[in-house]
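Report on the structure
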Amino acid sequence: MLKRLTLTVPKYLKKFLEGEFEAQAGILHVEKWSEIGSLMNLVSRSYPFPMSVEKPSGTTVIISYYCREKSYEVPPDKIPGLTRQLDEIFRRSLICEVRKVHELAGGNYGPYVRTFLERYGIEADVDVDFETMRKVYRDYLARNGRKNGKNLCVKSPVLN
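A brief structural summary. Predicted, not measured: the structure shown is a model, and the values here were computed from it.

In this section: the sheet that holds strand E2 (residues 23-24). Pairing within the open sheet is mixed, and its 4 strands lie in the order E1-E5-E3-E2. The outermost strands of the open sheet, each flanked by one partner alone, are strand E1 (2-8) and E2. The pairing of E1 with strand E5 (residues 60-66) spans 7 bridges and is antiparallel. Note that in E5 the partner of Arg 4 across the bridge is Ser 64. Against the sheet, helix H2 (residues 35-43) makes contact with E1, strand E3 (27-30) and E5, and its axis sits at roughly 80 degrees relative to E5, the strand it touches most.

As structure tokens, then:
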């Protein structure tokens, strides 16, 4: 059975999801084997009676997914966590793509972040704060640098 879920998301996340998945008439269809499809499958629970759902406001995205059981629905208390996970997928995609180019070319990573945003039609400083997106990658570099710094501080054995 084909089910639909409407989520309230930021504007940049909607543009990313529509660019990543082929949106038809504003509806994103995700397959069960995809990352988002497996998330939908994991959070779905059996509800034998109809649930009252709050009407989402603001920027929304409609996700269409397949579920074999008719009584399976995504519980309302899981929707904020699902939205956070979608944002984490966006951030991970940003980090992976910028890292790929930054490691090869080096230098300032700002243009690479801007290129990523332009690919999905996300306008910097309109849909999302550009400095926030730069900070996502900068925080990744700081975490990675600390982790690598710990690995490099290995004491050499003292020879007598």
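Counting 38 residues, the largest nonpolar core has Phe 16, Phe 90 and Leu 117 as its most contacted members. Every element with two or more residues in this core is listed here: E1, helix H1 (11-20), E3, H2, E5, helix H3 (79-105), helix H4 (110-119) and helix H5 (130-152). Here this core gets 7 residues from one element, more than from any other, and that element is H3. Excluding residues that lie within four positions of it along the chain, Phe 90 makes contacts with Tyr 12, Leu 13, Phe 16, Phe 116, Leu 117, Ile 122 and Met 133.

Next up on the list: H4. Every buried residue of H4 is accounted for by Gly 110, Tyr 112, Val 113, Phe 116 and Leu 117. Down the axis of H4, the buried set is contained in an arc of 165 degrees. They therefore lie on one face. One or two residues past the end of H4 sits Gly 121, with phi positive at roughly 75 degrees.

A few words now on the pattern of salt bridges. The tally for this structure, following the rule as stated, stands at 8 salt bridges. Note that Arg 92 is salt-bridged to Glu 35, the shortest N-O span being 2.6 Å. On the criterion of sequence distance, the pair formed by Arg 92 in helix H3 and Glu 35 in helix H2 is long-range, its members being 57 residues apart. Given a relative accessible area of 38%, Arg 92 falls into the partly exposed group. Of the charged contacts in the structure, one is a salt bridge between Lys 135 and Asp 139, with a shortest N-O distance of 2.9 Å. Placement of both Lys 135 and Asp 139 in helix H5 is noted, with a separation of 4 residues, approximately one turn of the helix. Among the residues examined, Lys 135 registers a relative accessible area of 39% and is labelled partly exposed.

Rules and cut-offs
Residues numbered from 1 in each chain as written. Predicted model: local features only at pLDDT ≥ 70, side-chain atom pairs only at ≥ 80, totals over all residues. Heavy atoms only, no water. Pairing = 2+ DSSP bridges. Helix = DSSP H or I, 4+ residues; strand = E, 2+ residues; numbered from the N terminus. Contact = heavy atoms within 4.5 Å. Axes fitted to C-alpha atoms, helices over the stretch in contact; angles between N-to-C directions. Core = buried A, V, L, I, M, F, W, Y, C linked by side-chain atoms within 4.5 Å. Buried < 20%, exposed > 50% of the residue type's maximum accessible area, 1.4 Å probe, protein only. Arc of directions from axis to C-beta. Salt bridge = Lys/Arg side-chain N within 4 Å of Asp/Glu carboxyl O.

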